Amino acid sequence: IGYMAGRPVLVMQGRTHFYEGYSLQQVTLPIRVFRLLGVDTLILTNAAGSLNPNFRAGELMLIVDHLNLLGMAGANPLRGPNDPNLGPRFLDMSKTYDRALRSLAHQVAAELGLPLRQGIYAGLAGPTFETPADARFLRLIGADGVGMSTVPEAIVARHGGMRVLGISGLSNVVIDQVDAEGEASHEEVLVTGALLAPRLTALLAGVLARL
């Protein structure tokens, strides 16, 4: 808890994931805590694989919408009894990622001369990386990036009335052919993440300064 770009912020170092064995209610508990502490704007970041053939590893992608594949299969953080003090029973998800915040991010990126892609993020359970058939299917249904987080947190944030901005660091290009050279690895994600960090930091600082 402190200040960044002159704005009060509460920052999480990392997150818990569904694939680690936690329930989605546990995964999203920090978002509930943020809301009770008075946080009204949530900025979510992640490392994602690039599905869009025009995107490259090392670029940033602004999330404009997501595919909640966990939720479609029944794993939704709002499953179970609903507390009306926290949010509505049935939640509209048509405007998940705040339009004004997305516009602000584009403005800051342009001023910094920082390339900023935008696209749809597909949220999967993990921890396995995608098969080539998975990759082709996800691209077919409109996904530009894919990862193992973010979607549950965005849902719970919107349930609590928070504004959400989502940014993916494209850490690798997803393999979409069975006999392609190379393989997906966590090490590749970490190496590219280190290159992405200063770009993401500059973008976030610029957005915060203009809020």
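Higher on the page you've got the structure.
These lines cover the structure that appears in this document, whether it is placed above or below. (Residues numbered from 1 in each chain as written. Predicted model: local features only at pLDDT ≥ 70, side-chain atom pairs only at ≥ 80, totals over all residues. Heavy atoms only, no water.)

Moving on, we come to the pairing of strand S5 (residues 116-123). Sheet topology places strand S4 (residues 60-68) next to S5; eight bridges connect them, and they run parallel. What sits directly across from Leu67, in S5, is Ala122. Sheet topology places S5 next to strand S6 (residues 145-147); three bridges connect them, and they run parallel. Its bridge partner being in S6, Tyr121 is matched across the sheet by Gly145. (Pairing = 2+ DSSP bridges. Helix = DSSP H or I, 4+ residues; strand = E, 2+ residues; numbered from the N terminus.)

Here the focus is the sheet that holds S6. What the five strands build is a closed barrel, ordered S3-S6-S5-S4-S7; its pairing is mixed. Put simply, the sheet's adjacent strands are angled 50 degrees from each other on average, direction ignored. Docked against the sheet, helix H6 (residues 151-159) engages strand S3 (41-50), S4, S5 and strand S7 (163-173), running at close to 80 degrees with respect to S4. (Axes fitted to C-alpha atoms, helices over the stretch in contact; angles between N-to-C directions. Contact = heavy atoms within 4.5 Å.)

A cluster of nonpolar side chains, namely Leu29, Val33 and Leu37, defines an oily patch on the protein surface of about 280 Å² accessible area. Checked against the element boundaries, Leu29 lands in helix H2 (residues 29-36). (Patch = residues over 30% accessible without salt bridge, like charges linked within 9 Å, V, L, I, M, F, W, Y side chains within 5 Å. Areas by Shrake-Rupley, 256 points an atom, 1.4 Å probe, with all protein chains shown as cover. Salt bridge = Lys/Arg side-chain N within 4 Å of Asp/Glu carboxyl O.)

Within the secondary structure, Gly74 sits in the loop between helix H3 (69-72) and helix H4 (99-112). Along the chain, Gly74 and Ile120 lie 46 residues apart, while their C-alpha atoms are 20 Å from each other.

This paragraph deals with the side chain of Thr150. The topology assignment puts Thr150 in the loop between S6 and H6. For Thr150, a relative accessible area of 0% puts it in the buried group. Within the structure, the side chain of Thr150 is placed 2.8 Å from the side chain of Asn46, a separation counted as a polar contact. For Thr150, the contacting residues outside a window of four places in its chain are Arg15, Leu44, Thr45, Asn46, Ile63, Tyr97 and Tyr121. (Buried < 20%, exposed > 50% of the residue type's maximum accessible area, 1.4 Å probe, protein only. Polar contact = N/O pair within 3.5 Å; in protein donor to acceptor, adjacent residues only side chain to side chain.)

With that settled, consider the pattern of salt bridges. Applying the stated criterion across every chain yields a total of five salt bridges. Note that Arg15 and Glu153 form a salt bridge whose closest N and O atoms lie 2.6 Å from each other. Highlighted residues: Arg15 in the loop between strand S2 (7-9) and helix H1 (24-27) and Glu153 in helix H6, separated in sequence by 138 residues. Judged by its relative accessible area of 5%, Glu153 falls in the buried class. With a shortest N-O distance of 3.0 Å, Arg163 and Asp98 are connected by a salt bridge. Residue Arg163 is located in strand S7, and its partner Asp98 is located in the loop between H3 and H4; the two are separated by 65 residues in the primary sequence. The partly exposed category is assigned to Arg163, whose relative accessible area is 32%. Asp98 gets classed as buried once you look at its relative accessible area, which sits at 18%.

Okay, H2 next. Regarding H2, the residues found buried are Ile31, Arg32 and Phe34. Projected down its long axis, H2 shows its buried positions confined to an angular sector of 160 degrees, all on one face. Contacts made by the buried residues of H2 are with S3 and H6. A positive backbone phi angle near 105 degrees is found at Gly38, which sits one or two residues after H2. (Arc of directions from axis to C-beta.)

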